Amino acid sequence: MAIDLSGQVVAVTGASSGIGEATAIACARAGAAVALAARRVDRIQALAERITQEGGRALAVETDVGEESQARAFVERTHSELGRLDVLVNNAGVMLLGPIENAPTEEWRRMIHANVFGVLYCTHAALPLMRAQGSGHIVNVSSVAGRIASAGSGVYNLTKFGVGAFSESLRQEAVGLGVRVTLVEPGAVATELPGHNRPEVIAQMEKRFQGVTPLAAEDIANAVLYAIDQPASVSVNEVLIRPSGQQG
Ligand code: NDP
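Residues numbered from 1 in each chain as written. Predicted model: local features only at pLDDT ≥ 70, side-chain atom pairs only at ≥ 80, totals over all residues. Heavy atoms only, no water.

Participant: Outline the overall build of the chain, supporting the account with residue identities and numerical values.
Facilitator: In terms of helices and strands, the chain carries seven helices and seven strands. Seen in sequence order, the chain has helices and strands lined up from the N terminus as β-α-β-α-β-α-β-α-β-α-β-α-α-β. The globule rule puts the C-alpha radius of gyration for 248 residues at 18 Å, and the 17 Å found for the chain is close to it. When the backbone C-alpha atoms are referred to their principal axes, the chain occupies close to 45 × 40 × 35 Å. Looking at the chain as a whole, 50% of its 248 residues are labelled buried. Pairs at least 24 residues apart make up 72% of the contacts formed inside the chain by residues separated by at least 6 positions. (Helix = DSSP H or I, 4+ residues; strand = E, 2+ residues; numbered from the N terminus. Rg over C-alpha atoms; globule rule 2.2 N^0.38 Å. Buried < 20%, exposed > 50% of the residue type's maximum accessible area, 1.4 Å probe, protein only. Contact = heavy atoms within 4.5 Å.)

Participant: I'd like a description of the packing of aromatic side chains, backed by residues and values.
Facilitator: How two aromatic rings sit relative to each other is set out by the distance from centre to centre and by the angle between their planes. Considering all chains together, one arrives at one aromatic pair under this definition. Measuring from centroid to centroid gives 5.3 Å for Phe117 and Tyr121, while their planes differ by 20°, and the two rings are stacked. Here Phe117 pairs with Tyr121, and both are found in helix H4 (residues 105–133), just four residues apart, close to one helical turn. Under the relative-accessibility criterion, Tyr121 is labelled buried at 19%. (Phe/Tyr/Trp six-rings, centres within 6.5 Å; stacked < 30°, edge-to-face > 60°.)

Participant: So, the pairing of strand E4 (residues 87–90): which residues are in play, and what are the values?
Facilitator: Here E4 shows no split at all, with Val87 and Val89 on one side and Leu88 and Asn90 on the other all buried. Of the strand pairs in this sheet, strand E1 (residues 9–13) and E4 are connected by three bridges, and their pairing is parallel. Residue pairing for E4: Ala11 is matched across the bridge by Leu88. Handedness of the crossover is the feature at issue here: the chain leaves E4, passes through H4, returns alongside strand E5 (residues 136–141), and the resulting connection is right-handed. (Pairing = 2+ DSSP bridges. Right-handed = clockwise from strand over helix to strand, strands pointing away.)

Participant: Give a detailed account of the site of the ligand, specifying residues and quantitative values.
Facilitator: The ligand sits among 30 residues. The nearest are Ser16, Ile19, Arg39, Tyr156 and Thr191. A distance of 2.9 Å separates an oxygen atom of the ligand from a polar side-chain atom of Lys160. For the ligand, an oxygen atom lies 3.5 Å from a polar atom in the backbone of Glu192. Within the complex, the protein chains bury 95% of what would otherwise be the 870 Å² of accessible surface of the ligand. Sorting the residues of the shell around the ligand by element identifies helix H1 (18–29), H4 and helix H5 (154–174) as the ones contributing at least two each. (Near = heavy atom within 4 Å. Polar contact = N/O pair within 3.5 Å; in protein donor to acceptor, adjacent residues only side chain to side chain. Areas by Shrake-Rupley, 256 points an atom, 1.4 Å probe, with all protein chains shown as cover.)

Participant: Tell me about the sheet that holds E4, residues and numbers included.
Facilitator: As summarised here, the arrangement of the seven strands in space is E3-E2-E1-E4-E5-E6-E7, forming an open sheet in which the pairing is parallel. Edge positions in the open sheet fall to strand E3 (58–62) and strand E7 (238–241), since each of these has one partner strand only. Sheet twist, expressed as the average angle between the axes of neighbouring strands with direction ignored, equals 15°. Bridging between E4 and E5 involves four bridges; their strand directions are parallel. Paired with Val89 across the strands is Val139, a residue of E5. Contacts from helix H2 (residues 41–53) reach strand E2 (33–38) and E3 within the one sheet, and its direction differs from that of E3 by about 175°. Contacting E1, E4, E5 and strand E6 (179–186), H4 runs over the sheet at an angle of about 175° to E4. (Axes fitted to C-alpha atoms, helices over the stretch in contact; angles between N-to-C directions.)

Participant: How would you sum up the nonpolar core? Please name residues and give values.
Facilitator: Counting 38 residues, the largest nonpolar core has Val10, Cys27, Val34, Leu36, Val89, Val139 and Ile220 as its most contacted members. Of all the secondary structure elements, the ones that give two or more residues to this core are E1, H1, E2, H2, E4, E5, helix H7 (217–228) and E7. Per element, the largest residue contribution to this core is eight residues, and it comes from H7. Not counting the four nearest positions on each side in its chain, Cys27 is found in contact with Leu5, Val10, Ala32, Val34, Leu225 and Ile228. Membership of the second largest hydrophobic core comes to 28 residues, among which are Val61, Val65, Leu129 and Ala174. (Core = buried A, V, L, I, M, F, W, Y, C linked by side-chain atoms within 4.5 Å.)

The analysis is restricted to geometry; functional conclusions fall outside its scope.
Encoded structure:
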C-alpha cells in the first residue's frame, strides 16, 4: 500500500541537496506538507516551488542549524506556518575527513557546529511543540561512521557517535511525551557530501570505496519514510543501511 502522510507536517534540515532533498520530495509526494532548512536559500526555494508545482505544500527557511536562534526560528515557523510539527528530520551535516595530526581545526568546528549543535538546537525547539501536540517523531541521520570509527575519520566519528548516544537518551526521555525517535545510519550514498573535502582526502576516499556502487539518496529517503509511516504503537529505533557491496 502506498505511504500516506496527508495531514502531516515534516521538517527536514539539509534539504538543499542529497538525502535531505530526496526525503523532502518523498514526504511531499506522500502527501505531507514539508518545511525545508539549509543555508543555500536559492536551492530550497527552488525545491519548494517544485513541490508546490507538483501540488504539494512547502515552506523554505534559510537556516544555519548550528546557530541556535536560526534553528529555533526554523522549527517554530514550521509549526506556526504549516500548523503542526509531526516529524523533524535532523539530516543537515558535513563530513570533513583526514588525520587528526595537522588537521585544519576549522573543519572540526564546522562538523561540530552542524552535526552536533544542529541536531541539539532543532530537537530542543521541537520537543515543547511535540509535547503540546501529544505526538511527534524525530529522525536523526547519523552514519555507519557513528558505529565504526576509523583512522582519518576521528572528528566525524565523534560527531556521529554523539548523535547515536544522544538519540538513545532522547528516545528514553521522549517515550513519556508520545514522541518517537529513529536513528538512521547510512553507508556510502552518492551525494555532494565528500566533495567538500581537501583533494588528497577525496583521492583516499575514492580508493577506499573503489568498486562499491553507492546508495542513492532516495534509498535513505525510503528508509525514513518506512520509519515514520509505522503505526503509533511501533517505534523503529535504528536503521543501518549500506550498499550491498560495502564491507566496512
Ligand atoms: P549533502 O552534502 O548533499 O547534504 C548536506 C546538507 O546539509 C545540505 O543540504 C547542506 O545545505 C546541509 N547543511 C550543512 N551544514 C549546514 C548548516 N550549518 N546549516 C544548515 N544546513 C546545513 O550530503 P548528504 O545528503 O549525504 O548528507 C546528509 C546527511 O547524511 C549528513 O548528516 C551526513 O553526515 C549523512 N550521511 C551521508 C552519507 C553519504 O555517504 N552521503 C553517509 C552517512 C551519513 P547547505 O550547504 O545549503 O546549508
